[in-house]
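One-letter residues, chain by chain:
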Amino acid sequence: MAKTINEINEKIRQGRAVVFTAEEIIEVVKQKGVKQAAKEVDVVTTGTFAPMCSSGAYFNVGHANPRIKMGGGRVTINEVPAYAGFAAVDLFLGATALPEDDPRNKVFPGKFAYGGGHIIEDLVSGKDVRLTATTYGTDCYPRKILDTWIRLEDMNEAVLFNMRNAYQNYNVAVNLSDRVIYTYMGVLQPKMRNANYCTAGRLSPLLNDPLYKTIGVGTRIFLGGNTGYVVSHGTQHNPGVRRTELGVPKMGAGTLAVTGDLKKMSSRWLRGASFTGYGVTVTLGLGIPIPILDEEILRFTSVSDADIIAPVVDYSESYPNCKPEILAEVTVAQLKTGEITVGQKKVVTAGLSSYVRAREIALILKAWIKEGSFLLTEAVAALPSLDSGYAFRPLKERPWEAPKAG
Amino acid sequence: MLKKKVVLNFPPHLIDQPVTYKLIQDYGVVVNILRARITPREWGSMVVELGGSPKKLEAAMGFLGELGVGVEPLAREVRWHEERCIHCTACLAPCPTHALGVDRASMTVSFDQERCIACELCLRVCPYLAIEILFD
Ligand code: SF4
Ligand code: SF4
């Protein structure tokens, strides 16, 4: 018995929609079976709260008097450079940007105490930030220097715009070398003394819709504590990877580009993060409702941690040198026990993604839908799927050489 | 019984002396070694928890002082800011004493001050500055 999104929305408006989180639905399906559950359940909500580096925000800060053309000039926010290659007062700030005078990894491992992700968090918390601009003057934009305090509410627009979030599955990182390494997957102890993973597992948005049957361009989502939207597939979208029989990719696969109004977000769901020896980023809450249109979609949402397999990858040698070696495949269920076995060795696991917060997001989304304040959307266009031929390719390097004289 | 966490600093010539044995045997003090770094021909250091009556502890301190072992109180205190913690569990792997722990059913992280030996290993691991070391 197939349902339509319109029918589900009608039930949401009437406050009659039956909604479960992606965690709860597993039990529901166990008890009622797929057929019955698909009839009864309208929506399954998902969530994830994890570092997402390809995030950033654009701002229109308003025109100063006299006018200044920041576009083409140099701009900093709290001493972190922002990108100003747009019209006069439009700026973009990326999550991993660092202050120019940050020592980075000169004293190894660097602390990376503050950067783009933290600025976005500060803005969302209502804090004042210092905006500076130096540029050239023109007849219409005579001013060359600006140094002012500014806060989010004073800006015209402040929009979170992320080119890659919500990675569908991810590596488990270990370190086979004999020294400590500092990575975006955290601090990895030598000789594989720990294994770090980053997934919300059974709650993860794209793992509950592995073939992108419902999530697509225009899908309304939870983003940073408010509503946001899927813009398109994210960068490095790679749908054609190996999958389990249930369609769950066995490694990083699909990604999403998303956007949302930063002014309505909350710092509980958007946090600056400092990775020792690596850099800064932003940790972001994202959740997606999945309309249960038919039995197949419901079956996908009942994916359990035991069904999700992640590859264990050495970050001392294989990852930096793009070697495709995988040391083992483990399930998220195993990762969450706190210990996995790689070869003969027992390895302690630690997470980077917050399962507690992922669950909270799924519950918030569920509450919004149940109270009728969040309606589902029909995708405007589908994401490139398995048969699209869409793939993630390495850089083909063609080293530059100076043109020969004569 | 009084308990006291202290850092013992051993000059090189004392490293091969059975100091902890004597503390236990001759002074009747309970010695719980929390952390030790001892390299031959260099200064060694040891974080210990000493337990005993105030009198016994005082005598033990006197003995250590006479020997030339530096005794410093473990003044550093580690504080876990629950409101900053996102419960990612990243800090669990390096924590040697399980002061940072997780309830596996809910995946909620918690901190047990009693177990913490202020080794600071978790500090650089937490991306959210949720763990802070305080000095007196
Ligand atoms: S300082 Fe951190 S790692 Fe060390 S014992 Fe205390 S909580 Fe554990
Ligand atoms: S690493 Fe920090 S944020 Fe993560 S669980 Fe530990 S204290 Fe909390």
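Owing to the predicted nature of the structure, the values given are computational and were not obtained by experimental measurement.

Within chain A, the secondary structure is distributed over 6 helices and 26 strands. In terms of overall size, chain A behaves like a compact globule, its C-alpha atoms giving a radius of gyration of 23 Å where 406 residues would be expected to give roughly 22 Å. If you line up chain A on its principal axes, its C-alpha atoms span 70 × 60 × 50 Å. Within chain A, counting contacts between residues at least 6 apart in sequence, those at least 24 apart form 72% of the total. Summed over all atoms, the accessible surface of chain A reaches about 18000 Å², with 52% contributed by carbon and sulfur. One finds the centroid of the 46 positive side-chain charges in chain A at a distance of 2 Å from the centroid of its 40 negative side-chain charges.

This paragraph deals with the environment of Y315(A). Within the secondary structure layout, Y315(A) lies in the loop between β22 (309-314) and β23 (328-331). At 3.0 Å, the side chain of Y315(A) forms a polar contact with the side chain of N171(A).

The next subject is the sheet that holds strand β4 (residues 70-73) of chain B. Residue and element names in this part refer to chain B. Strand order in the open sheet made by the 4 strands is β2-β3-β1-β4, with antiparallel pairing throughout. At either margin of the open sheet sits one strand with a lone partner, and together these are β2 (30-37) and β4. On average, each strand axis in the sheet is tilted by 30° relative to the strand beside it, whichever way the strands run. Across 9 bridges, the pairing between strand β1 (residues 2-10) and strand β3 (residues 44-52) is antiparallel. From the neighbouring strand, K3 faces β3, where its bridge partner is G51. Lying on the sheet, helix α1 (residues 19-27) is in contact with β1, β2 and β3; it crosses β2 at an angle near 170°.

Here the focus is the site of ligand 2. Near ligand 2, the surroundings consist of 13 residues, among which C85(B), C88(B), T89(B), C91(B) and C126(B) are the closest. A per-class count over the shell around ligand 2 returns 11 nonpolar, 2 polar and no charged.

As a further point, take the packing of aromatic side chains. All names here are of chain A. Using the criterion set out here, one finds 14 aromatic pairs over all chains in the structure. For the ring pair F108 and Y182, a centre distance of 5.4 Å and an interplane angle of 85° mean the geometry is edge-to-face. Remark: Y182 occurs in strand β12 (residues 181-183) and F108 occurs in the loop between β7 (90-94) and α3 (116-124); sequence separation between them is 74 residues. Ring centres of Y167 and Y170 lie 5.2 Å apart, and the angle between their planes is 75°; this geometry places the pair in the edge-to-face category.

The immediate surroundings of ligand 1 are formed by 13 residues, with C95(B), C116(B), C119(B), E120(B) and C122(B) found nearest. Along the lines of polarity and charge, the residues of the shell around ligand 1 split into 11 nonpolar, 1 polar and 1 charged.

Quick look at the side chain of H87(B) now. Position of H87(B) relative to the elements: it lies in the loop between β5 (77-80) and β6 (100-103). Among the polar contacts listed, one links the side chain of H87(B) to the backbone nitrogen of V109(B), at a separation of 2.9 Å.

Time to look at the interface of chain B and chain A. Taken together, the 19 residues of chain B in the interface contact 28 residues of chain A. Across the interface of chain B and chain A, roughly 1800 Å² is buried in total on both sides, 54% from carbon and sulfur atoms. Contact with chain A buries area across many residues of chain B, yet I86(B), R124(B) and Y128(B) alone supply 31% of it, more than any other trio. The tally of links from chain B across to chain A stands at 0 salt bridges. Split by residue class, the side of chain B that touches chain A holds 11 nonpolar, 4 polar and 4 charged.

It is worth spelling out the confidence of the model for chain B at this point. As a note on interpretation, predicted positions should not be read in detail where pLDDT is low. Residue-level pLDDT values for chain B average 88, and 98% of them are 70 or greater. Scoring of the predicted complex yields 0.89 for pTM and 0.94 for ipTM.

Moving on to the sheet that holds strand β8 (residues 129-134) of chain A. Residues and elements named next belong to chain A. Overall, antiparallel pairing links the 4 strands, which are arranged β6-β5-β8-β9 in an open sheet. One side of each edge strand has no neighbouring strand; the edge strands of this open sheet are β6 (80-82) and β9 (145-150). The sheet shows a mean angle of 25° between the axes of neighbouring strands, taken without regard to direction. Both strand β5 (residues 74-77) and β6 contribute to a ladder of 3 bridges, which runs antiparallel. Within the sheet, the bridge partner assigned to I77 lies in β6 and is V80.

Residues and elements named next belong to chain A. By the definition in use, this model includes 21 salt bridges over all chains. Notably, a salt bridge pairs E153 with R151, separated by 3.6 Å at the nearest N-O pair. E153 gets classed as exposed once you look at its relative accessible area, which sits at 60%. Owing to a relative accessible area of 30%, R151 belongs among the partly exposed residues under this scheme. Taking the shortest distance from any N to any O, the salt bridge between E360 and R268 comes out at 2.8 Å. Here E360, found in helix α6 (residues 355-370), pairs with R268, found in the loop between β18 (256-261) and β19 (270-275); they are 92 residues apart in sequence, far enough to count as distant. Look at E360 and you get partly exposed, because its relative accessible area is 25%. Taken together, the shared-partner salt bridges connect E23, R202, D305, K336 and R359 into one network.

All names here are of chain A. The sheet contact formed by strand β16 (residues 220-223) and strand β17 (residues 226-233) spans 4 bridges and is antiparallel. Its bridge partner lying in β17, F222 is registered against T227. The hairpin turn running from β16 into β17, its antiparallel successor, is 2 residues long, and G224 in that turn takes a positive phi close to 60°. Relative to strand β20 (residues 279-287), β16 is paired through 2 bridges, and the arrangement is antiparallel. Residue pairing across strands places L223 opposite L286, the latter belonging to β20.

Before going further, it helps to examine the nonpolar core. Counting 140 residues, the largest nonpolar core has F59(A), M70(A) and L262(A) as the members making the most contacts within it. A per-element tally of this core places α6(A) first, with 8 residues. With residues near it in sequence (within four places) discarded, L262(A) still touches A57(A), F59(A), I120(A), V124(A), L152(A), A158(A), V159(A), L160(A) and L270(A). In terms of nonpolar packing, the next biggest core, distinct from the first, is built from 17 residues, V6(B), L23(B), M46(B) and L57(B) among them.

Let's shift gears to α3(A). Residue and element names in this part refer to chain A. Of all 9 residues making up α3, 9 are buried, and the element is well covered by its neighbours. Residues G116, G117, H118, I119, I120, E121, D122, L123 and V124 constitute the buried set of α3. Backbone geometry just downstream of α3 places G126 in the positive-phi region, at approximately 90°.

Quick notes on the rules
- Residues numbered from 1 in each chain as written.
- Chains lettered and ligands numbered in written order.
- Predicted model: local features only at pLDDT ≥ 70, side-chain atom pairs only at ≥ 80, totals over all residues.
- Heavy atoms only, no water.
- Helix = DSSP H or I, 4+ residues; strand = E, 2+ residues; numbered from the N terminus.
- Rg over C-alpha atoms; globule rule 2.2 N^0.38 Å.
- Contact = heavy atoms within 4.5 Å.
- Areas by Shrake-Rupley, 256 points an atom, 1.4 Å probe, with all protein chains shown as cover.
- Lys, Arg positive; Asp, Glu negative; His and termini not counted.
- Charge placed at Lys NZ, Arg CZ, Asp CG, Glu CD.
- Polar contact = N/O pair within 3.5 Å; in protein donor to acceptor, adjacent residues only side chain to side chain.
- Pairing = 2+ DSSP bridges.
- Axes fitted to C-alpha atoms, helices over the stretch in contact; angles between N-to-C directions.
- Near = heavy atom within 4 Å.
- Nonpolar A, V, L, I, M, F, W, Y, C, P; charged D, E, K, R; others polar.
- Phe/Tyr/Trp six-rings, centres within 6.5 Å; stacked < 30°, edge-to-face > 60°.
- Buried area = accessible area lost by both parts, 1.4 Å probe.
- Salt bridge = Lys/Arg side-chain N within 4 Å of Asp/Glu carboxyl O.
- pLDDT = per-residue confidence, 0-100.
- Buried < 20%, exposed > 50% of the residue type's maximum accessible area, 1.4 Å probe, protein only.
- Core = buried A, V, L, I, M, F, W, Y, C linked by side-chain atoms within 4.5 Å.

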